[in-house]
Amino acid sequence: MFTALRPQARTERLELLRKQYMSEITATVARHGRRLRVAPYVLVQPGAERHADLETIATYATAQDWQVSSSTFADMGQPRPLVERPGFTEACRYAAQGFADGILAVARPAITTDNDTYARVLEYLHQRQVFLAYLPAQPERGVTD
């Protein structure tokens, strides 16, 4: 008998898969003795917020000793299906051509919240030796451990 995974369980499984793929690619890059290269991707309107997100991504990547590509990629505003986002398509193409080892975004919703689409993206990128990475989640204000 087939039992479908709860959406939360599937989301968690996909996050583990993303981390596994990232670890594999990171290890390969390290074996070749070079720095990890990432291409920033944001989903936000042009202007101050986009600039701030790209700056935050660059700051995080630099702190990880990752090389940030001089090319950045963006799409505007509300999430549309990935096939309708030229910025994300270009980021994938750029990385798949060997200019970056991964695509670094602020958080998963900048890519997609649909698990089926997300699984396809992870597989597509992994087949091209490219990973997806996100900034670490920030604790909510006023919340303490």
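The sections below set out a description of the structure shown in this document. (Residues numbered from 1 in each chain as written. Predicted model: local features only at pLDDT ≥ 70, side-chain atom pairs only at ≥ 80, totals over all residues. Heavy atoms only, no water.)

A few words now on the overall build of the protein chain. Along its length, the protein chain carries 4 helices and 5 strands. The secondary structure elements of the protein chain, listed N-terminal to C-terminal, are α-β-α-β-β-α-β-α-β. A compact globule built from 145 residues would reach a C-alpha radius of gyration of about 15 Å, and the protein chain, at 16 Å, matches this within 12%. By principal-axis analysis of the C-alpha atoms, the protein chain measures approximately 50 × 40 × 40 Å. The buried share of the protein chain, reckoned over its 145 residues, is 39%. (Helix = DSSP H or I, 4+ residues; strand = E, 2+ residues; numbered from the N terminus. Rg over C-alpha atoms; globule rule 2.2 N^0.38 Å. Buried < 20%, exposed > 50% of the residue type's maximum accessible area, 1.4 Å probe, protein only.)

This paragraph deals with the nonpolar core. With 25 residues, the main nonpolar core has Y41, F88, I103, I111, Y118, L125 and L132 as its most contacted residues. Of all the elements in the fold, those that place two or more residues in this core are helix 1 (7–31), strand 1 (37–43), helix 3 (86–99), strand 4 (102–105), helix 4 (115–127) and strand 5 (131–134). Each residue touching L125, except ones within four places of it in the same chain, is listed here: C92, I103, V130 and L132. Core analysis: the next-biggest nonpolar cluster, separate from the first, contains 15 residues, M22, I25, F131 and A133 among them. (Core = buried A, V, L, I, M, F, W, Y, C linked by side-chain atoms within 4.5 Å. Contact = heavy atoms within 4.5 Å.)

Let us look at the side chain of D101. Inspection of the secondary structure assignment puts D101 in the loop between helix 3 and strand 4. Within the local environment of D101, its side chain forms a polar contact with the side chain of R34, the two groups lying 2.8 Å apart. (Polar contact = N/O pair within 3.5 Å; in protein donor to acceptor, adjacent residues only side chain to side chain.)

In the structure shown here, the tally under the stated rule is 6 salt bridges. Residue R18 is joined to E15 by a salt bridge in which the shortest nitrogen-to-oxygen separation is 2.6 Å. A residue pair is termed a helical-turn pair when its members lie 3 or 4 positions apart in one helix, as R18 and E15 do in helix 1 at 3 residues. What makes E15 partly exposed here is its relative accessible area of 24%. Note that R35 is salt-bridged to D65, the shortest N-O span being 3.5 Å. Of this pair, R35 sits in the loop between helix 1 and strand 1 while D65 sits in the loop between helix 2 (48–63) and strand 2 (67–68), and the two are 30 residues apart along the sequence. The network of salt bridges with shared partners includes R34, R37 and D101. (Salt bridge = Lys/Arg side-chain N within 4 Å of Asp/Glu carboxyl O.)

Here we take up the packing of aromatic side chains. Applying the stated criterion across every chain, the model contains 4 aromatic pairs. Considering the side-chain rings of Y41 and F88, the 5.2 Å spacing of their centres and the 75° angle between planes classify their relative orientation as edge-to-face. Here Y41, found in strand 1, pairs with F88, found in helix 3; they are 47 residues apart in sequence, far enough to count as distant. For the pair formed by Y41 and F88, the shared burial category is buried. Between Y60 and W66 the ring centres are 5.8 Å apart and the planes differ by 85°, which places this aromatic pair in the edge-to-face class. One aromatic cluster in this structure is built from F73, Y94 and F99. A cation over an aromatic ring shows up here: R108 above the ring of Y118, its NZ or CZ 3.7 Å from the ring centre. (Phe/Tyr/Trp six-rings, centres within 6.5 Å; stacked < 30°, edge-to-face > 60°. Lys NZ or Arg CZ within 6 Å of the ring centre and 35° of its normal.)

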